[in-house]
Amino acid sequence: MTNPEDLNVRVDFDLTLFNSKHFAADLWQNIAWHSGVTVEQVAADGATFHVDPVLGGYEFDKHTASYGLDPNVMWSELDDIVRSTDYLFDDSIPFMTELRGNRYNPRILSFGEDCFQRAKIIPYLGRLAGNEDGQIKVNEIGLDVVFRRKAEHIAEKHPNERGVLVDDVPNQGLHEGFVEVHIDRSLILPGPLEKPEGFTVANLEQAYEVISSL
C-alpha cells in the first residue's frame, strides 16, 4: 500500500465535487433576468461560446457581452451566485476532509477557461478544507486549472509517479501508475466496480474506499 503522502490525489470539480447542473440553471436564470432574453435562449447560446471547438471551455465574458451586458457587473453577479448557494454535493466536504485527515494531499484539477473556473472554485476551497468559517488558508488545498487534456497535464507533471484521478469523465487514458476513479452519480452500486481503466464509483465514499486501498 502506498504511503498517503506519496500518492498524487487529483480531484475534478464540476460534477464531481460541485453540482454544475444546478449552478448552470441559476446562472442562465440570472443572465436572462439581466438581458431580457429567455432562459431557454440563454442556455442555447451558452452552449455555443467555447474557447476551443474541440476541447470546449465556456466563455462567460463573451456570452454575457453578446447581450450588451457590463462584464464587471456580470462577474460580480457570478460571484454572488456562487457564494449565496451551496452547490457542493453532500459528500464533497466529508471526502476532502477525510483525505486530508488521513495524510493524503488532495489537489483539485479542473478543466476549462481559467477565470471562470477559478470564480466557481476558489470560494469553496476553505470549506472543502474543513474550515467552518469558510476561510482559505495557505497551502491547504491546491488548485490547477488546465486547458488541455488532464492525462497530458498529469503525464507532464507526474511522470513515473503514482496517483489517482477522481473525475466524472471516464476513459481519460492516464499513464501507467495513475488510477482512474470514474464517478457516475446516476448509478447505484454496492461498492466500487473495477474495470480495465481503473474503477467506477457511485459516490465519493466509494472513491475514498478505492484511494485508501491503493
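Anyway, here's the lowdown on the structure attached to this text. All values reported here derive from a predicted model rather than from experimental measurement.

## Digging into helix α8 (residues 204-213)
Regarding α8, the residues found buried are Leu-204, Gln-206, Ala-207, Tyr-208, Val-210 and Ile-211. At the N-terminal boundary of α8, the capping side chain belongs to Asn-203, with an oxygen 3.2 Å from the backbone nitrogen of Glu-205.

## Quick word on the sheet that holds strand β6 (residues 163-167)
Here we have 7 strands laid out as an open sheet, ordered β5-β4-β1-β6-β7-β9-β8, and mixed in their pairing. Unpaired on one side and paired on the other, β5 (142-146) and β8 (193-195) mark the two borders of the sheet. Averaged over neighbouring strand pairs, the angle between their axes works out to 25° when direction is ignored. Bridge analysis of β6 against strand β7 (residues 178-183) gives 5 bridges, and the strand direction is parallel. Bridge pairing in β7 links Val-164 to Val-179.

## Digging into the packing of aromatic side chains
The tally for this structure, following the rule as stated, stands at 14 aromatic pairs. Arranged with centres 4.9 Å apart and planes meeting at 80°, the rings of Tyr-58 and Phe-116 form a pair that is edge-to-face. Residue Tyr-58 is located in strand β3 (residues 56-58), and its partner Phe-116 is located in helix α6 (residues 114-128); the two are separated by 58 residues in the primary sequence. With a relative accessible area of 5%, Phe-116 lands in the buried category. Cation over ring: Arg-185 sits above Phe-89, and NZ or CZ is 3.9 Å from the ring centre.

## Side note on the pattern of salt bridges
For the structure on display, the rule yields 12 salt bridges. When the shortest N-O distance is used, the salt bridge between Arg-107 and Asp-144 registers 2.5 Å. Here Arg-107 is found in strand β4 (residues 107-111), whereas its partner Asp-144 is found in strand β5, with 37 residues between them in sequence. Three or more residues are tied together by salt bridges with common partners; here these are Asp-12, Lys-150 and Asp-167.

## A few points about the environment of Leu-165
Among the secondary structure elements, Leu-165 is positioned in strand β6. Once the C-alpha coordinates of Leu-165 and Ile-108 are considered, the two residues, 57 residues apart in sequence, prove to be 9.6 Å apart. Apart from residues lying up to four places away in sequence, Leu-165 is in contact with Arg-10, Leu-109, Lys-150, Ile-154, Gln-172, Leu-174, Phe-178, Val-179, Glu-180 and Val-181.

## Things to note about the environment of Leu-7
Counting through the fold element by element, Leu-7 comes out in the segment before β1 (8-11). Classification of Leu-7 by relative accessible area gives buried; the value is 4%. Counting along the chain gives 190 residues from Leu-7 to Glu-197, while the straight-line C-alpha distance between them is 18 Å.

## Some thoughts on α6
With 15 residues, α6 extends 20 Å between its outermost C-alpha atoms, agreeing within 8% with the 21 Å of an ideal straight helix rising 1.5 Å per residue. A maximum bend of about 30° is found in α6 at Ile-121, where proline Pro-123 lies one to four positions downstream. The complete set of buried residues in α6 reads Phe-116, Gln-117, Ala-119, Lys-120, Ile-121, Pro-123, Tyr-124, Leu-125, Gly-126 and Leu-128. By the N-cap criterion, in which a side-chain oxygen at the helix start approaches the backbone nitrogen of a residue two or three places on, α6 is capped by Glu-113, the distance to Cys-115 being 3.3 Å. Immediately downstream of α6, the backbone of Gly-130 shows phi near 95°, a positive value.

## Section: the side chain of Gln-206
Here Gln-206 is to be found in helix α8. The buried category is assigned to Gln-206, whose relative accessible area is 7%. One polar contact links the side chain of Gln-206 to the main-chain amide nitrogen of Ala-202, over a distance of 2.8 Å. Once residues lying within four places of it in the same chain are set aside, the contact partners of Gln-206 are Leu-189, Pro-190, Gly-191, Pro-192 and Val-201.

## Some details on the side chain of Glu-180
With respect to the element layout, Glu-180 can be found in strand β7. Given a relative accessible area of 3%, Glu-180 falls into the buried group. Here Asn-171 takes part through its backbone nitrogen, which lies 2.8 Å from a polar atom of the side chain of Glu-180. Polar side-chain contacts of Glu-180 include one of 2.8 Å to the backbone nitrogen of Gln-172. Not counting residues within four places of it along the chain, the set of residues in contact with Glu-180 comprises Leu-165, Val-169, Pro-170, Asn-171, Gln-172, Gly-173, Leu-174, Lys-195, Glu-197, Gly-198 and Phe-199.

Rules used throughout
- Residues numbered from 1 in each chain as written.
- Predicted model: local features only at pLDDT ≥ 70, side-chain atom pairs only at ≥ 80, totals over all residues.
- Heavy atoms only, no water.
- Buried < 20%, exposed > 50% of the residue type's maximum accessible area, 1.4 Å probe, protein only.
- Helix = DSSP H or I, 4+ residues; strand = E, 2+ residues; numbered from the N terminus.
- Polar contact = N/O pair within 3.5 Å; in protein donor to acceptor, adjacent residues only side chain to side chain.
- Pairing = 2+ DSSP bridges.
- Axes fitted to C-alpha atoms, helices over the stretch in contact; angles between N-to-C directions.
- Phe/Tyr/Trp six-rings, centres within 6.5 Å; stacked < 30°, edge-to-face > 60°.
- Lys NZ or Arg CZ within 6 Å of the ring centre and 35° of its normal.
- Salt bridge = Lys/Arg side-chain N within 4 Å of Asp/Glu carboxyl O.
- Contact = heavy atoms within 4.5 Å.
- Expected span 1.5 Å × (residues − 1).
- Bend = angle between axes of the 7 residues up to and from the residue.

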